[in-house]
Amino acid sequence: MLTQKNKLRNVLNSQLDGLKQALVVDFAGIALYDAINLELRWRLASGSLNDRYSNVVVRNDKGICGKALQTKRTFVIADFPADKADTALEFPILIIEELKSAIGTPMIFNEQLIGVLLVGTRKRRQFVDEDIKKVETVAADVLATYLKLGNSANAEDDQEFEEASLISEFFVSAKAQYNKNLQLFLLDQRITRISRGQQLEIIDLIDTVLVTIFKVNQVQVKCYCAFTSEEFISLQFEINQYFELAGVTFSDLATKARKINGRVELNCEKDRSELSIRFRSWV
C-alpha cells in the first residue's frame, strides 16, 4: 500500500512527465519554498541529467527561481548563459542541467509562496505565449495536488511519530485546542528524538507564546519548528495582524529562551507580525 508521501511524489512526477512531453522540453522540475530558512530547494525533476539538482539551494533574488520568488511572476530566459553573462553563476540549476532556455513560474497560495515550477531545453528555444500559459496552467494543477495530498502526507507523519515524542503529542493537543486558528509545521522530525527534558523546554516556549497570542481575538497563527542548521533550532510564529508583547511577557519569554542559549526577536508590521526564537540544539 502506497503511503501518502509516495502517492504525492508519484502524482507530481506524473504531472512533470506530462508537462515535459506536452511542451517537448528536456527538463521539468519543482522547487519548494522553506519559510524558515527563506530558501528554495529542488525536490522533484523529470529529465534531469543526474541527482545533483537536489543539492541546489536558492536564496533571496538569485537565479530563475529567485526572480520568480521576488516578482511573484513567471520569469523567462531565452538564451543562457548569453542573456546572463554577468550573473551566470547565480543560475546553478541551469548550469547543472545544461539548460539554454527556461521558464520559471511561482506557485502561490493565499499570497504565500509554495514553490516554483521550472521547464527548460538544452538547445536555445524561443518560448511563445502559449508555452508560458501551459506552464502556468500546470503550475496551478501541481499546486492543487501539493496542497491536497501534502496535507494528507503531513497528517500521516503526525500519526507516525504521535506516540514517539512529547512534542508530537503537544502539537496534536494544540491543534485541537486552537482549531482553525493555528497551523503547526514540524519541519524536521529529528526534533522528536531529542530528550524528553529538552522537548519539554521547547513545549514550554511554544505554549507560552500561543497562550499570549490567543488572548487576542480573531488572530491566525502559523508556527514552524525546524533545525536551521546542525547547531540551531528555530521556532517561528507568523501572526496575521499587528501584535506586540507586553514588557513583562517578553521578558519572561526571553528569560526562558536564554536558559537554553536562545534569543527572541519580534518584528511588527501594520497587518502582520513575526516572532522568532532561535536556540542551540542538543543533537
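Per chain, residue numbering runs from 1 following the sequence as it is written. Reporting of local features is limited, given that this is a predicted model, to residues whose pLDDT is at least 70; pairs of side-chain atoms are given and counted only at 80 or more, and all residues count toward the totals for whole chains, interfaces and linings. The side-chain values count all of the structure's non-hydrogen atoms but skip hydrogen atoms and water molecules.

Further remarks concern the confidence of the model for the protein chain. Chain-level pLDDT for the protein chain is 82 on average; 88% of the residues reach the 70-or-more range. pLDDT measures how confident the predictor is about each residue, on a scale from 0 to 100. Numbering of helices and strands runs from the N terminus, with a helix taken as a DSSP run of H or I at least four residues long and a strand as a DSSP run of E at least two residues long. For the protein chain, the element scoring lowest by mean pLDDT is strand β3 (residues 57-59), at 72; strand β4 (residues 75-77) scores highest, at 91. In this model residues 155-164 is a low-confidence stretch, pLDDT under 50, and it forms 14 contacts with partners more than four residues away in sequence or in other chains. Only heavy atoms enter the contact rule, under which two residues are in contact if any of them lie within 4.5 Å.

Given a helix with a known number of residues, its expected span is that number minus one, times 1.5 Å. Relative to the 26 Å expected for 18 residues at 1.5 Å per residue, helix α6 (residues 196-213) spans 25 Å between its end C-alpha atoms, a close match to the ideal helical length. Exposed residues in this analysis have more than 50% of their type's maximum accessible area, buried residues have under 20%, and partly exposed residues fall in between, with area computed by a 1.4 Å probe over protein chains only. Taken as a whole, α6 has its buried residues at Gln198, Gln199, Ile202, Ile203, Leu205, Ile206, Thr208, Val209, Leu210, Thr212 and Ile213. On its buried side, α6 packs onto α5 (166-178), β7 (182-186), β8 (221-227), β9 (232-239), α7 (247-259) and β11 (273-280).

The topology assignment puts Glu97 in the loop between α3 (92-96) and β5 (101-109). Filtering out sequence-adjacent residues up to four positions away, Glu97 remains in contact with Phe27, Gly47, Ser48, Leu49, Asn50, Tyr53 and Arg122.

What follows deals with the environment of Ile167. Relative to the elements of secondary structure, Ile167 occurs in helix α5. Residue Ile167 is classed as buried on the basis of its relative accessible area, which comes to 1%. Spatially, the C-alpha atoms of Ile167 and Ile191 are 8.1 Å apart, while their sequence positions differ by 24 residues. Ignoring anything within four residues of it in the chain, the contact list for Ile167 reads Ile191, Gln199, Ile202 and Ile203.

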